[in-house]
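Given next are the chains, with one letter for each unit.
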Amino acid sequence: MSRVLLFTGKGGVGKTTAAAATATLAARSGHKTLVVSTDTAHSLADTLGATAGAEPTEVAPGLHLHQVDTQKALERQWGDLRDYARGFFAELGLDEVTAEEITVLPGAEEVIALLELREQARSGRWDVIVIDCAPTAETLRLLALPEALDWHVNRLLPVGRRLLRTLSPLIRRVAQVSVPEDHVVGAGERLHRGLLEVRELLTGPDASVRLVLTPEAVVLAEARRTLTSLSLYGYRVDAVIANRVFPAEGADPWRQGWVEAQAGHLAEVEQSFAPLPVHTVPYLDAEPVGPAALARVAEAMYGESDPFAPPTVDPPLRITPEGELILALPFAEKGEVDLARKGDELIVNAGSYRRVLALPAALARRSVREAVLRDGLLRVRFQSGGPDD
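Residues numbered from 1 in each chain as written. Predicted model: local features only at pLDDT ≥ 70, side-chain atom pairs only at ≥ 80, totals over all residues. Heavy atoms only, no water.

Pairing of strand 12 (residues 345-350) with strand 13 (residues 353-358) involves six bridges; the strand directions are antiparallel. By the bridge assignment for strand 13, Val348 is matched with Arg355. What sits between strand 12 and strand 13 in their antiparallel hairpin is a turn of two residues, with Gly351 showing a positive phi close to 65°. (Pairing = 2+ DSSP bridges. Helix = DSSP H or I, 4+ residues; strand = E, 2+ residues; numbered from the N terminus.)

Have a look at this one:
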């Protein structure tokens with residue numbers, strides 16, 4: 001299996017540089033490496049000082065860059081769905097150009113990038129895959145999508161298929177519009193399965209997220225919230241990267257003020273994210289562009305550590321042999337966490353984010369006895385009996 005590393009952080013903290021530097025180091029260490037971006041800004045190629053192609057392109061020995069051709073990938077991944085949607089809107093009287101524009105789904109580029117990532121991981125070509133993610137808010141929405149889509153599809157698709165078979169003649173006759181055929185619905189099901197496979201890959205034992213931040217109060221606060229949300233959705237964070245740290249040596253009075261302020265924030269980072277390692281990158285005197293400059297960044301960032309070793313941190317969600325469900329929610333406060341039970345599902349709210357957990361059969365038959373949030377861990381204990389309504 002490929003070692004998969006995702007890099008995210010608040011916009012402007014240098015996550016693309018950290019991702020590109022890590023990929024460069026991987027290739028120079030002898031790993032066959034792919035670096036890809038889910039960020040529609042597409043600055044990854046500029047950072048590497050390279051031109052990206054529609055297929056993985058070798059930009060340095062052992063290092064391949066993949067910038068997804070969204071148009072081609074859209075046709076391949078859900079061409080049937082788009083064709084149906086275009087035809088449907090044309091039947092409603094919209095011109096061809098308008099119908100084409102409407103069928104460009106919001107967030108489609110990021111979703112397609114994830115599906116292409118799945119294809120690359122399944123190919124077995126790569127030792128290391130590095131993903132330059134979008135800023136944190138977009139990344140969290142994207143990473144929550146597969147599980148949220150699964151919840152809706154499992155409930156709506158079987159019913160929808162039956163309704164389509166029953167009502168399609170009536171819809172055609174009364175509404176004068178086409179209904180999706182089985183192959184169109186099948187395309188939706190393939191998309192659904194593909195996203196579930198993406199989630200399985202990114203939450204698996206060979207994948208982890210690295211949070212990139214700068215030592216500033218606002219950025220640190222967002223990084224804490226991001227760790228809580230990533231853990232809620234089951235994504236494992238294995239390191240923090242503190243970027244643009246002013247060196248203390250030879251500081252003039254102006255820079256000395258920054259050095260002292262950053263030192264305080266760095267101490268808070270170390271304390272907040274322990275036991276995760278915190279890798280620091282100095283504030284450079286020039287923008288690192290190209291493999292040679294990025295390799296120097298990676299050496300400063302990781303030192304003697306092995307950034308490609310399997311993650312050693314526990315998965316955020318686990319179930320003990322005694323049947324206790326444990327979900328890591330670092331930094332979450334009791335007032336921010338809400339728990340509800342509905343049938344065989346456990347609904348967990350943490351701040352503004354929600355996750356619907358389908359309980360395994362052994363727990364689905366048992367009622368919740370108690371739930372305790374302590375030391376960043378939500379522990380849910382079950383008792384014998386039927387599930388709560």
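Glancing now at the pattern of salt bridges. Counted under the stated rule, the structure contains 12 salt bridges. Here Glu268 ties to Arg224 by a salt bridge, and the two come within 2.6 Å at their closest N and O atoms. Remark: Arg224 occurs in helix 8 (residues 217-232) and Glu268 occurs in helix 9 (residues 253-273); sequence separation between them is 44 residues. The exposure class of Glu268 is partly exposed, given its relative accessible area of 31%. A salt bridge links Glu324 to Arg381; the shortest N-O distance between them is 3.2 Å. Here Arg381 lies in strand 15 (residues 377-383) and Glu324 lies in the loop between strand 9 (317-319) and strand 10 (325-328), a separation of 57 residues in the sequence. Glu324 sits in the buried class, given a relative accessible area of 13%. Taken together, the shared-partner salt bridges in this structure form one network comprising Arg118, Glu119, Arg122 and Glu197. (Salt bridge = Lys/Arg side-chain N within 4 Å of Asp/Glu carboxyl O. Buried < 20%, exposed > 50% of the residue type's maximum accessible area, 1.4 Å probe, protein only.)

Time to look at the environment of Gly234. Mapped onto the elements, Gly234 comes out in the loop between helix 8 and strand 7 (237-245). Under the relative-accessibility criterion, Gly234 is labelled buried at 10%. Separated by 94 residues in the primary sequence, Gly234 and Ala328 have C-alpha atoms spaced 8.6 Å apart. Those residues in contact with Gly234 that lie beyond four places of it in its chain are Arg199, Thr203, Pro316 and Arg355. (Contact = heavy atoms within 4.5 Å.)

As a further point, take the side chain of His64. Among the secondary structure elements, His64 is positioned in strand 4 (residues 63-66). Beyond its immediate chain neighbours, meaning those up to four positions away, His64 contacts Lys32, Thr33, Leu34, Val35, Pro56, Thr57, Glu58 and Trp126.

Pairing is antiparallel in the open sheet, where three strands are placed in the order 11-12-13. Looking at which strands have only one partner, the edges of the open sheet turn out to be strand 11 (337-342) and strand 13. Adjacent strand axes in the sheet meet at a mean angle of 15°, parallel and antiparallel pairs treated alike. Inspection of the sheet shows strand 11 paired to strand 12 by six bridges, in the antiparallel sense. Its bridge partner being in strand 12, Ala340 is matched across the sheet by Ile347. (Axes fitted to C-alpha atoms, helices over the stretch in contact; angles between N-to-C directions.)

Whenever strands of a sheet pair, they do so through backbone hydrogen bonds, lying parallel or antiparallel. The strand order across the open sheet built from eight strands is 3-4-2-5-1-6-7-8, with neighbouring strands paired in mixed fashion. Edge positions in the sheet fall to strand 3 (57-60) and strand 8 (278-282), since each has one partner strand and no second. The average angle at which neighbouring strand axes cross in this sheet is 25°, direction not considered. Here strand 1 (residues 3-9) pairs with strand 5 (residues 128-132) via five bridges, running parallel. Of the residues in strand 5, the one forming a bridge with Val4 is Ile129. Across the sheet, helix 1 (residues 15-28) touches strand 1, strand 2 (33-37), strand 4, strand 5, strand 6 (207-213) and strand 7, and the angle it forms with strand 1 is around 160°. Together, strand 6 and strand 7 form the strand contacts of helix 8, whose direction differs from that of strand 6 by roughly 165°.

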